[in-house]
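A closer look at the structure
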Amino acid sequence: VNATALMMKSLTETFSLSIVITEPSASGNFATATPNIPQRPQLVVTGYRTDIDPLQPGSIFKLDLDIKNLGMSDASGVSVVFGGGAVTTDDMGTPQPGGVSGAGGDMSTFAPLGSSNIVFIGDINKEFVTSVSQQLVVNVTAQPGAYPLKLSFIYNDAKGNRIGDDQIITLLGYSLPQ
């Protein structure tokens, strides 16, 4: 009964809220700041699927990615590095020609099969969608769970700058009863 009486009291209390509105000190119209939209490509995985469900230890499967360029310019020489990778740079951080490294990627749960973990896509114009496939195998030591798979997109923008963007997708591993 006391709890009900306290609840009723808190629901019936009132309070005042004051907002002070002042006029701008200078006269005239002011422009609203426009957000700075990068004038570069922006590659995004818009969908992905596997040809086997569920994924289990030892499963060989094909991973299909749908990739869209949502940026403001075209991307050329696009490669995707499964497991993550990097653009080779010098000591000053300047990208170097031809420098795509996929050797440092994490392929402990899902490993490439039939080719390396680097797949060359080509050019992806703005607002264009393309698909890429990679055959992978689930490590036999994988436990049931959700596994993040890092993807690195390495490409050139319209000015010839080498850019690397990383994304994560999630693959689910199961262990069905024997």
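Structure: above.
Residues numbered from 1 in each chain as written. Predicted model: local features only at pLDDT ≥ 70, side-chain atom pairs only at ≥ 80, totals over all residues. Heavy atoms only, no water.

1. So, the pattern of salt bridges
Throughout the structure, instances matching the rule amount to five salt bridges. In this structure, K62 engages D64 in a salt bridge whose closest nitrogen and oxygen atoms are separated by 3.9 Å. A salt bridge links K150 to D166, with the shortest nitrogen-to-oxygen separation between them at 3.5 Å. Taken together, the positions of K150 in strand β9 (residues 145-156) and D166 in strand β10 (residues 162-173) put the pair 16 residues apart, joining distant regions of the chain. (Salt bridge = Lys/Arg side-chain N within 4 Å of Asp/Glu carboxyl O. Helix = DSSP H or I, 4+ residues; strand = E, 2+ residues; numbered from the N terminus.)

2. Quick notes on the packing of aromatic side chains
Between two aromatic rings, the relevant description is the distance of the centres plus the angle of the planes. Following the criterion strictly, the structure yields two aromatic pairs and no others. Geometrically, the ring pair formed by F61 and F110 is edge-to-face, given 5.9 Å between the ring centres and 85° between the ring planes. Placement of the pair is F61 in strand β2 (residues 60-69) and F110 in strand β6 (residues 110-112), with a sequence separation of 49 residues. Among the residues examined, F61 registers a relative accessible area of 1% and is labelled buried. Between the aromatic rings of F110 and Y147, the centroid separation amounts to 5.9 Å while the plane-to-plane angle is 85°, which identifies the pairing as edge-to-face. With F110 in strand β6 and Y147 in strand β9, this residue pair connects regions lying 37 residues apart in the sequence. (Phe/Tyr/Trp six-rings, centres within 6.5 Å; stacked < 30°, edge-to-face > 60°. Buried < 20%, exposed > 50% of the residue type's maximum accessible area, 1.4 Å probe, protein only.)

3. Observations concerning the sheet that holds β2
Strand order in the open sheet formed by four strands is β1-β2-β8-β6, with antiparallel pairing between adjacent strands. Among the strands making up the open sheet, the edge pair consists of β1 (43-50) and β6. For this sheet, the mean angle separating the axes of adjacent strands, direction not counted, is 40°. Here β6 runs beside strand β8 (residues 129-138); their pairing, made up of three bridges, is antiparallel. (Pairing = 2+ DSSP bridges. Axes fitted to C-alpha atoms, helices over the stretch in contact; angles between N-to-C directions.)

4. Some words on unusual backbone geometry
Cis geometry is adopted by the peptide bond preceding P54, which originates at D53 and carries an omega value of 10°. Tracing the backbone shows P54 in the loop between β1 and β2. Of note in the backbone geometry, E127 takes a positive phi value of approximately 70° without being a glycine. By the element assignment, E127 lies in the loop between β7 (118-124) and β8.

5. Some details on the pairing of strand β3 (residues 75-82)
Most of β3 sits out of view: seven of its eight residues are buried. Bridge count between β3 and β7: five bridges; the pairing is antiparallel. Paired with A75 across the two strands is I124, which belongs to β7. By the bridge criterion, five bridges tie β3 to β9 in an arrangement that is antiparallel. Pairing of S79 across the sheet is with I154, part of β9.

6. What to know about the nonpolar core
Among the nonpolar cores identified, the biggest contains 28 residues, and L63, L65, F82, L151 and F153 are the most heavily contacted of them. The greatest single-element share of this core, amounting to five residues, is contributed by β9. Those residues within four positions of L65 in sequence are excluded, and the remaining contacts are V45, G47, Y48, F82, T130, S131, V132, L151 and I169. (Core = buried A, V, L, I, M, F, W, Y, C linked by side-chain atoms within 4.5 Å. Contact = heavy atoms within 4.5 Å.)

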